[in-house]
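Structure at a glance
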Amino acid sequence: MLFSNTNFVVKYVDPSAADNGDGTDPATPLNVLPASAGDIENATCFLIRRTAEENAVQLPQGSNADITHLMFLGMPKESDPMWQFVPPEARAAWGADAAEYANLKADTGSEPYGDSVKSLLLDQAKCFVLYRANVFRDNTPAYASIFKFPNQNYEASLIFEYCRFGAKGVDIDKENYTEQTSTSSAKSYIEAKFPKVFSLKHCIVNMVSSSDYYGGYGHAIYLENAHFITANDIQVFATSSQYGGDSGPSGGIPLCFTNGSGEDAFGHYENITCNILINGTWGYLPGLFYSAKNQYCLLKKFRVNILDRKLGTETPGILRVGQSMIRCLSNHEYRIEDIDIKLPKCWRIESNGHICSISGFSNITTPGYCKSVKNISIQMAETDGVDNEGNGLYYDQAKYGTDDCGRYNYYSALELSFSERSYNEGSWEPVMVSGITVSHPRGVALYCFGAQLHNCEIKGSVKLRRVTGDISTVETFYPGYAICAAEGTTLRVHQLTLGKANAATVGSADDPAIGSNYSDSSFIYVDVSNGALKSNQCSTATDVWNGYNCVCANESDSGHYTCRSNNYITDTWNVHRTGGAPACLKLYNNSADGSGFLSLGRAPFTGIRLTAEKAGMHNLILYAAVKGMSNFDQLSRKLLIQATVTHADGTEETYFSSIAGQWQEDVESVWNNDSELQQIKLVMPIAVEQASNVDVKIHFSWYSATGFVYLDPAIQLLPVVSE
């Protein structure tokens with residue numbers, strides 16, 4: 001049989017046959033395999049009949065350095081791609097069998113070390129195929145992997161397709177299986193190092209998270225390095241674990257593709273579904289997937305569910321995440337999309353736990369550009385989680401790291417970190433993240449570093465570093481600390497909803513919505529919030545630039561505009577000018593004469609938009625009132641108005657009040673709800689060549705221990721009438 005440019009000698013195997021034939025044709029099949037790998041001839045294809053599980057052949061044990069090509073080929077179905085490779089006589093004799101798999105029983109030894117280890121070890125493999133096979137242990141421990149490929153020369157092609165891996169009698173993938181189990185047999189199936197190609201397709205992988213493992217290889221499928229990797233159409237069934245944290249459960253996960261020291265890896269991971277079964281009182285949710293350091297990584301259509309079917313009649317007192325469940329790390333170019341994770345009844349994440357953790361390089365010298373992460377959905381418990389210790393109150397976790405942005409990622413359900421850089425430099429490539437939906441209102445929902453973030457709906461706190469973000473909604477159970485942003489983050493949140501009604505249970509109704517400091521150097525704009533972003537108590541520090549602002553267009557009440565910086569405050573006030581806006585903006589700095597200035601509409605943002613209805617000379621009129629300012633002669637420098645108009649040819653012209661305007665005493669206006677005001681107005685001529693919008697920005701840098709400025713936001717743009 002010709003496969004992979006090699007002529008294989010076919011040996012027919014029928015485990016249900018009464019006699020052990022010579023294996024030359026389907027009529028005289030072998031009914032056992034060689035007991036030792038040393039008895040296998042190179043380039044042999046064992047074509048094994050599909051039978052019931054009780055009819056199984058024992059997998060050979062030991063090593064054979066002469067074997068470079070070997071196949072254990074369960075008889076393909078007519079719909080299988082491998083069907084066309086098998087001889088016609090095999091199709092005629094066995095093709096119509098009803099059974100799903102050929103059955104291979106494995107025994108890897110009863111002790112973890114030395115001569116007792118009985119893996120099938122092929123250290124010179126160049127082509128190995130396991131196809132349509134049910135591979136299982138029968139009440140023997142998993143101290144070593146069933147298949148081992150230690151060759152480190154990137155030569156082998158390892159193919160595992162249409163297979164099932166598990167332990168006999170522990171059929172956690174079957175809908176009718178509900179027995180609690182502590183078997184140590186359901187793991188450690190494949191261990192491979194440095195193949196050229198590794199293919200895992202159309203497979204079922206069962207894994208019970210038991211606590212005994214040796215040598216760190218408790219993974220079900222463990223690939224250390226490869227040039228080309230594909231894992232497609234995989235169903236994982238994994239139990240909860242008795243232990244958690246970074247060292248558990250059992251130090252192993254079902255799908256582990258480390259590629260830790262590899263080179264030029266292509267990783268394709270698609271159509272993977274992980275089904276979690278709660279196993280008795282074991283309450284740690286298991287790690288499920290790990291991949292790292294792919295030159296190109298495609299992770300697509302990944303599903304995680306906790307099944308309603310549980311194992312045993314007992315239940316855990318706590319469901320929690322103690323380690324990262326899904327990790328896709330340190331990739332160079334990547335397309336990660338359509339990840340859907342549902343964890344009902346779980347609302348507790350430990351400090352090093354993450355539901356999904358994704359990281360990658362921000363610059364690279366490899367050709368091409370693909371850095372896309374989109375459509376990730378994580379749904380955790382909102383009101384009915386299982387935790388008899390914390391009972392759903394994890395406010396300290398939500399607030400953790402507010403004084404140290406290096407700890408923002410702790411406790412986060414979704415961790416997106418694109419902080420790695422190639423020290424060969426190369427081009428800097430923006431990382432695009434969109435379509436993120438995370439529901440973890442009792443804790444940290446999202447941590448993101450180094451990306452452009454768009455189209456997100458978040459329940460739970462959000463912590464960002466070096467991010468340009470546009471988030472649709474943020475909602476949290478707690479009364480504050482919903483957002484932390486640092487290291488140059490620019491963020492817009494359209495709707496922010498704080499759990500102010502829960503302040504009687506945890507926290508305070510006065511807790512700020514933004515937990516990060518102005519010194520963390522970020523700009524945050526919120527369209528609508530049901531609570532204050534920050535308090536109006538400014539800092540006395542003068543070494544923080546006042547361009548870092550927290551702005552809300554509708555804070556607590558509709559139309560309540562606020563803009564705060566380290567030293568400066570703009571707040572909406574009930575003082576108003578007759579004929580002007582119903583409320584004014586109060587601008588003040590009573591704390592310290594800090595660096596920079598507060599800007600309303602700082603570029604590149606838009607300020608107050610005025611409309612010129614027609615071309616011609618216009619006067620910009622702005623009314624203000626000053627109180628308690630001793631250095632009034634500084635007015636033109638401390639309160640600066642900037643206006644920009646677009647001309648007919650597309651050019652823009654900018655005017656500044658200190659050089660193009662005139663502050664005049666205003667004796668006509670009537671200001672209400674305050675007295676002893678010094679009333680002024682700005683008149684600034686502006687040439688308009690066509691009907692257009694005029695953008696007006698306000699810059700304020702006036703320090704006074706007691707003084708402030710009222711500004712009427714009803715700025716006028718009036719045509720100049722010729723006399």
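The preceding data block contains the structure.
Residues numbered from 1 in each chain as written. Predicted model: local features only at pLDDT ≥ 70, side-chain atom pairs only at ≥ 80, totals over all residues. Heavy atoms only, no water.

Quick look at the overall build of the chain now. Helix and strand counts for the chain stand at four helices and 51 strands. For 723 residues, the compact-globule estimate of 2.2 N^0.38 gives 27 Å, and the chain exceeds it by more than 25% at 34 Å. C-alpha extents for the chain along the principal axes are approximately 115 × 60 × 40 Å. By residue count, 58% of the 723 residues in the chain fall in the buried class. For the chain, the accessible surface area stands at approximately 27700 Å², while carbon and sulfur atoms represent 46% of it. For the chain, the centre of its 54 positive side-chain charges and the centre of its 78 negative side-chain charges are spaced 1 Å apart. (Helix = DSSP H or I, 4+ residues; strand = E, 2+ residues; numbered from the N terminus. Rg over C-alpha atoms; globule rule 2.2 N^0.38 Å. Buried < 20%, exposed > 50% of the residue type's maximum accessible area, 1.4 Å probe, protein only. Areas by Shrake-Rupley, 256 points an atom, 1.4 Å probe, with all protein chains shown as cover. Lys, Arg positive; Asp, Glu negative; His and termini not counted. Charge placed at Lys NZ, Arg CZ, Asp CG, Glu CD.)

Before going further, it helps to spend a moment on empty space enclosed by the protein. With a probe scaled to a water molecule rolled over the atoms, the places where space remains empty come into view. Taken as a whole, this structure holds one cavity of 30 Å³ or more when the rule is applied. Here the largest cavity defines a volume of roughly 40 Å³. Ala485, Ser516, Asn517, Tyr518, Ser522, Ile524 and Cys550 together form the lining of the largest cavity. (1 Å grid on protein atoms, 1.4 Å probe; cavity = no way out; pocket = protein on both sides within 12 Å on 5 of 7 lines; lining within 4 Å. Points joined across faces, edges and corners; volume = space filled by probe spheres on them.)

A few words now on unusual backbone geometry. Here the bond from Ala603 into Pro604 is cis, since omega is 15 degrees, no more than 30 degrees from zero. Mapped onto the elements, Pro604 comes out in the loop between strand E41 (598-600) and strand E42 (608-612). Phi at Ala43 is positive, roughly 60 degrees, even though this residue is not glycine. Locating Ala43 in the fold gives a position in the loop between strand E3 (9-13) and strand E4 (44-48). Not every positive phi belongs to a glycine, and Asn455 is a case in point at roughly 55 degrees. Counting through the fold element by element, Asn455 comes out in strand E31 (residues 452-465). Judged by relative accessible area, Asn455 falls into the exposed class, the value being 52%.

Of the strand pairs in this sheet, strand E43 (residues 616-627) and strand E48 (residues 678-688) are connected by 11 bridges, and their pairing is antiparallel. Across the sheet, Met617 pairs through a bridge with Ala687, a residue of E48. Bridging between E43 and strand E51 (residues 716-719) involves four bridges; their strand directions are antiparallel. Residue pairing in the sheet places Leu620 in a bridge with Leu717 of E51. (Pairing = 2+ DSSP bridges.)

Taken as a whole, this structure holds 32 aromatic pairs when the rule is applied. On the basis of an interplanar angle of 15 degrees and a centroid distance of 5.8 Å, the ring pair of Phe266 and Tyr296 is categorised as stacked. With Phe266 in strand E20 (residues 266-277) and Tyr296 in strand E22 (residues 296-306), the pair connects residues that are 30 residues apart, well separated along the chain. With a relative accessible area of 33%, Phe266 lands in the partly exposed category. For Tyr296, a relative accessible area of 24% translates into the label partly exposed. (Phe/Tyr/Trp six-rings, centres within 6.5 Å; stacked < 30°, edge-to-face > 60°.)

A separate point is the state of the cysteines. All chains considered together, the criterion is met by zero disulfides. The closest cysteine sulfur to the non-disulfide-bonded Cys127 is located on Cys45, 10 Å from its own sulfur. For Cys127, a relative accessible area of 2% gives the class buried. (Disulfide = S-S within 2.5 Å.)

With that out of the way, let us pick up the nonpolar core. Ranked by internal contacts, the top residues of the largest apolar core, which has 126 residues, are Phe72, Leu130 and Phe198. Discounting chain neighbours no more than four positions away, the residues touching Phe72 are Leu33, Phe46, Ile48, Leu59, Pro60, Leu104, Leu120, Phe128, Val129, Leu130 and Tyr131. Judged by nonpolar contacts, the second largest core, of 36 residues, contains Ala612, Trp663, Val694 and Val696. (Core = buried A, V, L, I, M, F, W, Y, C linked by side-chain atoms within 4.5 Å. Contact = heavy atoms within 4.5 Å.)

Of note, Arg564 is situated in strand E37 (residues 562-564). On the accessibility criterion, Arg564 (3% relative accessible area) is buried. Here Thr562 takes part through its side chain, which lies 3.4 Å from a polar atom of the side chain of Arg564. What Arg564 contacts, discounting residues up to four positions off in sequence, is Tyr518, Ala532, Leu533, Lys534, Ser535, Asn536, Tyr548, Asn549, Cys550, Glu555, Ile569 and Leu598. (Polar contact = N/O pair within 3.5 Å; in protein donor to acceptor, adjacent residues only side chain to side chain.)

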